[in-house]
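# Structure at a glance
Next come the chains, spelled out residue by residue.
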Amino acid sequence: MITTSPTEFLEAYAALTPLRDAMASARAAYLVAPAEFSLAAESARDNRYMDMSLAVDPLKALAQHSALAQALRADCPVITFPGNPATPDAVFPNNVFGTAPGRLIIGRMRHAVRQREAERADIRGFFGDVLGYDEIDLSGCDDLVAELTGSLIIDRVRGVGYCGLSERCDLAGAHAMHKAFDLRLTFCFDLAESEYHTNVVLTLLASRAAIIAADGFRDPAVPRAIATAYGDRVVWLTPAQKQAFAGNAITLSDERVWMSACAGASLTNEQTKTLSDYGFTVGAVDLSEIEKAGGSLRCCVGEIF
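Residues numbered from 1 in each chain as written. Predicted model: local features only at pLDDT ≥ 70, side-chain atom pairs only at ≥ 80, totals over all residues. Heavy atoms only, no water.

### Details of the sheet that holds strand E11 (residues 209-212)
With mixed pairing, three strands are arranged side by side in an open sheet as E10-E11-E12. Each having just a single partner strand, strand E10 (202-205) and strand E12 (234-236) make up the two edges of the open sheet. Neighbour to neighbour, the strand axes of the sheet diverge by 15° on average, direction disregarded. The strands that helix H7 (residues 221-229) touches are E10, E11 and E12; relative to E12, the one it contacts most, it runs at about 150°. Strands in contact with helix H10 (residues 269-277) are E10, E11 and E12; relative to E12, the strand with the most contacts, it is inclined by about 165°. (Pairing = 2+ DSSP bridges. Helix = DSSP H or I, 4+ residues; strand = E, 2+ residues; numbered from the N terminus. Axes fitted to C-alpha atoms, helices over the stretch in contact; angles between N-to-C directions. Contact = heavy atoms within 4.5 Å.)

Here it is, written out as structure tokens:
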């Protein structure tokens, strides 16, 4: 079922039971290293988190990315693929490649600079030839835009997707992802005009709680409905905390939420305690150089289910 109604979503959600043997967090993760890190001017057209006037340090970005990989290995195995200077946004691979058990999904990116990432034979080969995953390729679908887990936040335990519509994902793309990820329920909604990806305004914490930036949604009823679905186990972010990428977080275990150092520093003591009450410590990694490209920690992490 796909719905755009908060009321219909809550009614359908209430009828769902957890999927048998579903994993709340990924069994492994993969990253794509920055190579001659730079800012992609094409992406800046609809990514308001980018500032093209900023200078970037490629070696600092590479060091931060290496530290990220090392930190995440505390929770799951991590694979790092090499980067390519021709695709500067490849450091954010979760928009292009996504997984469900036994399947690799390849997204349909909006911008040409990102469409080139989908052509990588090594990543396709790793999942197909090494892991034996079936491939579902949306990259050649010219009638839709679907930037995978940038636009679609997935509750893996229940098979529920939360899809924010923007320049980076349209309703046709939402339908394609609903089918590709084999979801039972997808709740589609418009993001605020200034937002490009859902994963900047919404994080699900191992399918049992959420971090939400309410101002990132066009209809205030949408974040309220999502909060209701999770029994109001929510950390609500201010606009400033959203800008610090506190909504761009990920859980790779049942006990820790990862975010950038900037995001972690923006949290109040009360918010950190609330996360602790939900069973999560905060892991933070300095990604200040990479964040100049308009994404943060969650954007850097591709999940392997």
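### Here's the deal with unusual backbone geometry
The phi dihedral of Asp182 is positive, around 55°, even though this residue is not glycine. Within the fold, Asp182 resides in the loop between helix H6 (171-180) and strand E9 (185-190). Among the residues examined, Asp182 registers a relative accessible area of 54% and is labelled exposed. Non-glycine residue Ala206 carries a positive phi angle of around 50°. With respect to the secondary-structure elements, Ala206 resides in the loop between E10 and E11. In this structure Ala206 comes out as buried when scored by relative accessible area, which is 7%. (Buried < 20%, exposed > 50% of the residue type's maximum accessible area, 1.4 Å probe, protein only.)

### As for the packing of helix H1 (residues 6-14) against H7
Between H1 and H7, the least distance of the axes is 9 Å, while the angle of their chain directions is 10°. It follows from the interaxial angle that H1 and H7 lie roughly parallel. Side by side, H1 and H7 meet where Pro6, Phe9, Leu10 and Tyr13 of the first sit next to Ala221, Val222, Ala225, Ile226, Thr228 and Ala229 of the second. Residues belonging to the contact of H1 with H7 are distributed by class as follows: nine nonpolar, one polar and no charged. (Parallel < 35°, antiparallel > 145°, perpendicular 65-115°, else oblique. Nonpolar A, V, L, I, M, F, W, Y, C, P; charged D, E, K, R; others polar.)

### Let's talk about the sheet that holds strand E7 (residues 152-155)
On the basis of which strands lie adjacent, the open sheet formed by four strands has the order E1-E9-E8-E7 and mixed pairing. The open sheet has two free edges, formed respectively by strand E1 (2-3) and E7, since each of these has just one partner strand. As defined by bridge partners, E7 adjoins strand E8 (residues 160-165) across four bridges and the pair is classed as antiparallel. Along E8, the bridge assignment pairs Ile154 with Gly161.

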